[in-house]
Amino acid sequence: MVRSICPATASRLIVDLDALSGNYASLSRKLAPAACGAVVKANAYGLGAVPVVEALQAAGCRLFFTAHLAEALDLMSVVDPTCEIVILNGLDPDCEPVCAEHGFVPALNSMAQIERWRALAIAQGRRLPAALQVDSGMSRLGLTLDDAQALSATAIGDNIDLRLILTHLACADDPCREENRMQRARFEEINRLFPGIPASIANSGAAFLTPDFHLDIARCGIALYGVAPTLAQPGELRSVVRLDARVIQIRDIEVGTGIGYGFDHVARCPMRIATVGIGYADGISRRFAQSGAAWYQKHRLPLVGRISMDSLAIDISGLPDGLLREGGFVELIGPNQPLEAMADAVGTIPYEILTGLGRRHERLYVQNHRSERQSAGAWS
Ligand SMILES: *Cc1c(COP(=O)(O)O)cnc(C)c1O
């Protein structure tokens, strides 16, 4: 069943919520007895945080991670009160009261943040929930090891209800890197000083390292969205995203005709060109013009000329006459051209492609469970 959120038509981002839920189930099985939390920052990696969180909650997920307070606020209407939302980027100055009011769990990343959270707890006469992030070597976010050690000797528990202690790996996507074990060893030294507090080190990459990286709670993002870390078995995760765009004009051109800005491509033979209504403003990198293609059924249709803001050109000379018409849709990301292939082609990572997809696509959510099909009206 397909639910339409916004009425745009030139391109469709199709999100398979069944595949998402299936990936959650696979990751949960792999990680057990550790729990699988879901990272839904950046609008669930561009896929739409609200429907993604709804689907994951229905699949049993109880712990969500955002980067910002504003992202947590966006989820208020959908997140069940039994769930927790951890804000990874920490506690911004002046945001403490809003964070506390909604029961969010800020990752406290510095002594100053801890002090501000503690001061609010004292002022409100209650304990406030928090996670503690420790920098085990990545130099990005979290307490230094020295600060964490010093803190463990103080009475943090009096005012702060410590729910989680976490750190992040710099090289989890590469199982061969010795630094993964080094960071874990540092983190475990700190964990020992906070007995009984659930610990978390694993993102998607580390969920596929040895089980001694799982600890109590994993924080999975990209694997839920169908991008398999290095050590995943083929088929272990299902792809979640498909991106199709509409052919908005077709033309036949003569030898010597230029195509697109700068006439970077000039026809060396008569060609049939289709203009597709998707461009770099929609997350299709201009670098994709060099080697990229769109697909129609099993036909590969090479990009020609530069990518514009709102359109790109493809060579459809090889297609049988009349097979693809104006109004038809071609595949940019999907079974013929996985997200990973597009990322490779433009020299980036699938994360950047997903989070850069932009707002203009019609987002369609596919879900076959009967309960959803029954919720009449919104489903067609
Ligand atoms: C983004 C993020 C994650 C999720 O990483 P994936 O590689 O997408 O699984 C986990 N933890 C932290 C701290 C993050 O910033």
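Cut-off values and rules
Residues numbered from 1 in each chain as written. Predicted model: local features only at pLDDT ≥ 70, side-chain atom pairs only at ≥ 80, totals over all residues. Heavy atoms only, no water. Phe/Tyr/Trp six-rings, centres within 6.5 Å; stacked < 30°, edge-to-face > 60°. Helix = DSSP H or I, 4+ residues; strand = E, 2+ residues; numbered from the N terminus. Lys NZ or Arg CZ within 6 Å of the ring centre and 35° of its normal. Patch = residues over 30% accessible without salt bridge, like charges linked within 9 Å, V, L, I, M, F, W, Y side chains within 5 Å. Areas by Shrake-Rupley, 256 points an atom, 1.4 Å probe, with all protein chains shown as cover. Salt bridge = Lys/Arg side-chain N within 4 Å of Asp/Glu carboxyl O. Buried < 20%, exposed > 50% of the residue type's maximum accessible area, 1.4 Å probe, protein only. Near = heavy atom within 4 Å. Polar contact = N/O pair within 3.5 Å; in protein donor to acceptor, adjacent residues only side chain to side chain. 1 Å grid on protein atoms, 1.4 Å probe; cavity = no way out; pocket = protein on both sides within 12 Å on 5 of 7 lines; lining within 4 Å. Sits in = over half its atoms within 2 Å of the grid points. UniProt positions renumbered as here; feature names shortened; annotations may be inferred. Points joined across faces, edges and corners; volume = space filled by probe spheres on them. Nonpolar A, V, L, I, M, F, W, Y, C, P; charged D, E, K, R; others polar.

(A) The packing of aromatic side chains, seen in detail. Here the structure, examined in full by the defined rule, presents two aromatic pairs. Ring centres of Tyr45 and Tyr351 lie 6.1 Å apart, and the angle between their planes is 35 degrees; this geometry places the pair in the tilted category. Taken together, the positions of Tyr45 in helix α2 (residues 41-45) and Tyr351 in helix α11 (residues 350-355) put the pair 306 residues apart, joining distant regions of the chain. An aromatic cluster is present here, built from Tyr45, Tyr225 and Tyr351 joined pairwise through their rings. Sitting above the plane of the Phe329 ring, Arg12 keeps its charged end 3.8 Å from the centroid. Stacked on the ring of Phe213, the Lys or Arg Arg184 has its end atom at 4.4 Å from the ring centre.

(B) Quick peek at a nonpolar patch on the surface. A grouping of Leu73, Met76 and Val98 is seen on the molecular surface, where their side chains present a nonpolar patch of about 190 Å² in accessible area. One can find Met76 in the loop between α4 (69-74) and β5 (84-87). With a relative accessible area of 34%, Met76 lands in the partly exposed category.

(C) Representation of the site of the ligand. Close to the ligand lie 13 residues, the nearest being Lys41, Tyr45, Ser204, Ile222 and Tyr351. Arg140 is positioned such that a nitrogen or oxygen atom in its side chain is 3.1 Å from an oxygen atom of the ligand. Between the ligand and Asn203, the relevant distance is 3.2 Å, taken from an oxygen atom to a side-chain nitrogen or oxygen of the residue. For the ligand, whose unbound accessible area comes to 390 Å², protein coverage reaches 93%. The pocket occupied by the ligand, as judged from atoms lying within 2 Å of grid points, is the largest pocket.

(D) Up close: the UniProt feature "domain: Alanine racemase C-terminal" (unreviewed entry) in the protein chain. When the UniProt feature table is mapped onto this chain numbering, "domain: Alanine racemase C-terminal" (unreviewed entry) sits at residues 240-366. Between the first and last C-alpha atoms of residues 240-366 the distance is 10 Å; the span itself is 11% helix and 37% strand.

(E) The layout of surface pockets, seen in detail. When its volume is computed, the largest pocket comes out at roughly 740 Å³. Considering the residues around the largest pocket, the lining is formed by 30 residues, among which His168, Asp173, Asn203, Ile222 and Tyr351 are closest to the centre. For the lining of the largest pocket, the secondary structure elements donating two or more residues are α2, α9 (204-207) and α11. In terms of residue class, the lining of the largest pocket is built from 17 nonpolar, eight polar and five charged.

(F) Looking closely at the pattern of salt bridges. Under the counting rule described, the total for this entry stands at 16 salt bridges. With its nearest N and O atoms 2.5 Å apart, the salt bridge here joins Glu96 to Arg116. Remark: Arg116 occurs in helix α6 (residues 111-124) and Glu96 occurs in helix α5 (residues 96-101); sequence separation between them is 20 residues. On the accessibility criterion, Arg116 (26% relative accessible area) is partly exposed. The closest approach of N and O atoms between Glu115 and Arg118, which form a salt bridge, is 3.1 Å. Of this pair, Glu115 and Arg118 both sit in helix α6, three residues apart, which is roughly one turn of the helix. When salt bridges that share partners are traced, they join Glu84, Asp161 and Arg163 into one network.

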